[in-house]
Each structure stands twice: as C-alpha cells, then as structure tokens.
Amino acid sequence: MAVTRTFSIIKPDATRRNITGAVTKMLEEAGLRVVASKRIHMTRDQAEGFYAVHSERPFYNDLCAFMTSGPVVVQVLEGDNAVQRNRDVMGATNPADAAEGTIRKAFAESIEANSVHGSDSDENAKIEIDFFFSQSEIVG
Ligand code: ADP
Ligand code: MG
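All values reported here derive from a predicted model rather than from experimental measurement.

Peer 1: Honestly, the layout of surface pockets in this entry has me stumped. Any pointers?
Peer 2: In this structure, the largest pocket spans a volume of roughly 600 Å³. Looking at the largest pocket, it is lined by 23 residues, and the ones nearest its centre are Y51, V53, H54, L63 and H117. Among the secondary structure elements, those contributing two or more residues to the lining of the largest pocket are α3 (44-50), β4 (116-118) and α7 (122-132). No other element matches the 4 residues that α7 contributes to the lining of the largest pocket. Taken together, the residues of the lining of the largest pocket sort by class into 8 nonpolar, 8 polar and 7 charged.

Peer 1: Teacher, can you tell me more about the sheet that holds strand β1 (residues 3-10) here?
Peer 2: In sheet architecture, strand pairing relies on hydrogen bonds along the backbone and comes in two forms, parallel and antiparallel. Ordered by their spatial adjacency, 4 strands build an open sheet running β2-β3-β1-β4, and the pairing between neighbours is antiparallel. Two strands close off the open sheet at either side, each with one partner strand: β2 (33-40) and β4. Going across the sheet, the axis of each strand differs from the next one's by a mean of 20°, ignoring polarity. As paired strands, β1 and strand β3 (residues 72-80) are joined by 8 bridges and run antiparallel to one another. Among the inter-strand pairings, S8 is bridged to a residue of β3, identified as Q75.

Peer 1: Got a minute to help me understand the site of ligand 1 in this structure?
Peer 2: Neighbouring residues of ligand 1: K11, H54, F59, L63, R87, T93, R104, I111, E112 and N114. Between R104 and ligand 1, the recorded distance is 3.0 Å, taken from a side-chain N or O atom to an oxygen atom. In the model, an oxygen atom of ligand 1 is placed 2.9 Å from a nitrogen or oxygen of the N114 side chain. By residue class, the composition of the shell around ligand 1 is 3 nonpolar, 3 polar and 4 charged.

Calculation criteria
- Residues numbered from 1 in each chain as written.
- Chains lettered and ligands numbered in written order.
- Predicted model: local features only at pLDDT ≥ 70, side-chain atom pairs only at ≥ 80, totals over all residues.
- Heavy atoms only, no water.
- 1 Å grid on protein atoms, 1.4 Å probe; cavity = no way out; pocket = protein on both sides within 12 Å on 5 of 7 lines; lining within 4 Å.
- Points joined across faces, edges and corners; volume = space filled by probe spheres on them.
- Helix = DSSP H or I, 4+ residues; strand = E, 2+ residues; numbered from the N terminus.
- Nonpolar A, V, L, I, M, F, W, Y, C, P; charged D, E, K, R; others polar.
- Pairing = 2+ DSSP bridges.
- Axes fitted to C-alpha atoms, helices over the stretch in contact; angles between N-to-C directions.
- Near = heavy atom within 4 Å.
- Polar contact = N/O pair within 3.5 Å; in protein donor to acceptor, adjacent residues only side chain to side chain.

What follows is the structure, encoded as structure tokens:
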C-alpha cells in the first residue's frame, strides 16, 4: 500500500483538557507518523475558509466559533493509506456512534466538540495541508 499524507487537527476541546499527547499517541499507535505539527489559534477567517465546504450547513457558525474558541494543533500525518487509516482511528463524527478503540469514542465530548479533524480524501488532504503548512515545515 502506498505511503500517503493526511491533514489532522486536534480540536479546542482536546487542547483545553491537555490531551494532545494522548490523542497523538493513538495516531502513532495506528501507524501514522507526525511529519509536521504546530499549535495555533485559528482566526475566524481561517476557520471560515477551512470549513467553507460546510458553509450552508446549520452548524457552520457554531463550528467556526468552536474552532476559534481555543488553540488547536494542526498536523500532517504520514503512513500507508493515511487518509483512511486516520479516519478509522478517529471514529464516527458523532461520538455516540464511534467504535471502541477510536479517538472520538475515547475523548469526544459531543458531535461538535469531537476532538479531531481528519481529511476525507487524498485530494482534500493536499488542499488542507497547503492551507496550513508550507513545504519547508513538513519533514518526513
Ligand atoms: P468529520 O469531521 O467526521 O469529517 P463532517 O465533515 O461532516 O465530519 O463535519 C465537520 C465537523 O463539523 C465535525 O467534525 C463536527 O465538529 C461538526 N459537525 C458535524 N455535524 C454536526 C452537527 N450535526 N452538529 C454540530 N456539529 C457538527
Ligand atoms: Mg469532514
């Protein structure tokens, strides 16, 4: 299987509870390697741009408010089939539906405050990585 990259965010509910290490440990144990990482406080413009695909959804405003409510950790993850591997360890969007052993089952507070973001396709992974990282910040 091909080694690929995906984009991850450890969300404000997780930074607030000081569990960025615990989340990252689960990513690493799932076979993903952190090849770029930085802690940032997203601006409203960044959040709105990043989630533009959801701009017509009823939860869009609340989501942008949540994502700017505290620091986040943005990461580039590398591994075999990284996008799907990350989605598998993240678990379902709603923690009530998330399987045992997933990050959202272990840590998510709600369908909104669900601890992690992960790209949903290779194409979006590239767009999302480029949104937050320059090539020189990614060290594989
Ligand atoms: P995922 O993060 O699993 O790819 P989506 O792309 O559908 O899920 O949604 C993006 C984010 O928007 C979710 O991770 C979650 O934080 C928030 N969200 C999704 N659905 C809802 C909802 N019904 N109510 C509130 N927030 C939601
Ligand atoms: Mg999504």
